[in-house]
Amino acid sequence: MRNILITGGAGFIGSHVVRLFVNNYPNDHIINLDALTYAGNLENLKDIEHQSNYTFIKGDICDEDLVKELFSTYSIDRVIHLAAESHVDRSITDPLSFVKTNVYGTLSLLEAAKNSWKDNFEGKLFYHISTDEVYGSLGKEGFFLENTAYDPHSPYSASKASSDHFVRAYYNTYGLPIIISNCSNNYGSHQFPEKLIPLFINNICNNKSLPVYGKGDNVRDWLYVEDHAKAIDVIFHKGKLGHTYNIGGFNEWKNIDLIKVLIKTVDKLLGREEGTSEKLITYVADRAGHDFRYAIDSSKLKNELGWEPSLQFEEGLKKTVKWYLENEDWVQHVTSGAYQKYYQQMYE
Ligand code: NAD
Ligand code: TYD
């Protein structure tokens with residue numbers, strides 16, 4: 001049995017990765033370390049929490065003693081590191097917490113891995129999950145490649161870029177077996193309703209205004225979260241040590257076009273007349289330092305490891321909207337703090 005530490009496994013992407021690994025690899029023991037910040041929610045993992053190959057640990061990746069102890073108690077062989085502060089708007093108001101978790105927290109894990117594995121790196125892996133935002137902002141043309149120079153613009157992307165550099169430094173300096181992947185914007189179930197898609201679904205349902213930053217002409221490249229989890233699975237098992245893999249869906253959308261498709265989808269599923277909720281669109285002041293365009297070239301991952309996204313965007317969006325409409329309780333719990341009570345009842 002291999003012992004795999006997954007950090008941030010109670011978050012949006014992390015919960016999909018934990019579920020996939022717990023269900024698909026019964027011979028691996030998955031240890032999920034998560035601090036359960038506002039973005040982490042054990043309700044995301046209710047369906048697998050009692051499986052025998054799964055252990056949850058509430059804790060902070062910055063707590064070096066705890067992390068060191070976990071490596072020794074559970075004989076950790078491999079790490080998939082997702083824990084992070086992840087929201088650009090929050091990074092603009094509170095950059096220090098991003099440096100703390102994303103940079104210091106990553107170093108705390110790297111140190112524990114290096115010290116615990118130092119006698120033999122054979123079969124070990126530190127897999128770091130990162131973002132395409134480290135590459136900066138594109139104009140109308142071009143794509144991010146694995147060798148595109150880093151040019152982060154927000155405190156969030158600067159902290160992720162820094163963590164990527166440290167992960168590579170541990171490979172170059174100590175020979176720590178690492179892999180990094182940089183993914184485009186994810187969407188799907190269980191995403192905290194502060195990011196564009198879940199926030200807007202929730203607001204359309206509640207007839208609240210839809211705050212579009214600037215003119216709505218910024219472009220993002222969207223990938224269904226379960227396709228990201230499958231890419232992580234492929235890279236974890238087949239990726240080459242020391243390599244970087246870009247993950248994306250070749251699926252670019254101008255914000256305002258995406259918002260209109262989203263409105264149509266939600267209105268239809270709510271039985272409202274087409275276009276009813278377009279009146280909720282409200283143009284607001286632009287985000288400071290708002291990156292114009294992200295677009296990722298994931299050909300390396302396709303050509304070398306055979307991964308491709310499985311879902312068309314319209315289909316993924318429909319599934320996502322349906323999930324939010326059917327799980328209003330989840331949205332209420334994560335935003336009301338009732339979930340904290342659930343945690344105390346379950347685990348304290
Ligand atoms: P999220 O904010 O939904 O979840 C983050 C998780 O990390 C939460 O469960 C939270 O409780 C946990 N966490 C935060 N600080 C912690 C700490 N100090 N110690 C332990 N746990 C802590 O984030 P997400 O959207 O699921 O992103 C996961 C990873 O993927 C991040 O590293 C992010 O940079 C990266 N990523 C995200 C996207 C995206 O579109 N969401 C795209 C590319 C890459
Ligand atoms: P977001 O989901 O925060 O992801 P990121 O900033 O990491 O790409 O935002 C996606 C796009 O939507 C981005 O261009 C900012 C824009 N946006 C709005 O116009 N209004 C909003 O309320 C939010 C949260 C985002």
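Refer to the preceding data block for the structure.
We now turn to the structure provided with this report. Everything numeric here is computed off the predicted structure, so don't read it as measured data.

Let us look at the overall build of the protein. When helices and strands are counted, the protein shows twelve helices and twelve strands. Taken over the C-alpha trace, the protein has a radius of gyration of 20 Å; the compact-globule value for 348 residues is 20 Å, and the two agree within 12%. By its C-alpha atoms, the protein is 65 × 50 × 40 Å across when sized along the principal axes. Counting only residues that meet the buried cut, the protein has 55% of its 348 residues in that class. Accessible area for the protein stands at about 15200 Å²; split by element, carbon and sulfur atoms hold 48% of it. Taking the 35 positively charged and 46 negatively charged side chains of the protein as two groups, their mean positions are separated by 2 Å.

Further remarks concern the pattern of salt bridges. By the definition in use, this model includes eleven salt bridges. Across the salt bridge formed by Arg90 and Glu194, the nearest N and O atoms sit 2.7 Å from each other. Of this pair, Arg90 sits in helix α3 (residues 88–93) while Glu194 sits in the loop between β7 (185–187) and α6 (196–205), placing them 104 residues apart in sequence. Owing to a relative accessible area of 32%, Arg90 belongs among the partly exposed residues under this scheme. For Lys302, the salt bridge is made with Glu308, and the minimal N-O distance between the two is 3.7 Å. On the basis of relative accessible area, Lys302 is assigned to the partly exposed category, the value being 41%.

Now for the sheet that holds strand β11 (residues 252–254). One open sheet holds the three strands; their spatial order is β7-β9-β11, and the pairing between them is mixed. Of all the strands in the sheet, the pair left with one neighbour each is β7 and β11. Across this sheet, the average inter-strand angle for adjacent strands is 50 degrees, counted without regard to direction. As defined by bridge partners, β7 adjoins strand β9 (residues 219–224) across three bridges and the pair is classed as parallel. By the bridge assignment, Asn185 is partnered in β9 with Trp222.

So, how was this worked out
Residues numbered from 1 in each chain as written. Chains lettered and ligands numbered in written order. Predicted model: local features only at pLDDT ≥ 70, side-chain atom pairs only at ≥ 80, totals over all residues. Heavy atoms only, no water. Helix = DSSP H or I, 4+ residues; strand = E, 2+ residues; numbered from the N terminus. Rg over C-alpha atoms; globule rule 2.2 N^0.38 Å. Buried < 20%, exposed > 50% of the residue type's maximum accessible area, 1.4 Å probe, protein only. Areas by Shrake-Rupley, 256 points an atom, 1.4 Å probe, with all protein chains shown as cover. Lys, Arg positive; Asp, Glu negative; His and termini not counted. Charge placed at Lys NZ, Arg CZ, Asp CG, Glu CD. Salt bridge = Lys/Arg side-chain N within 4 Å of Asp/Glu carboxyl O. Pairing = 2+ DSSP bridges. Axes fitted to C-alpha atoms, helices over the stretch in contact; angles between N-to-C directions.

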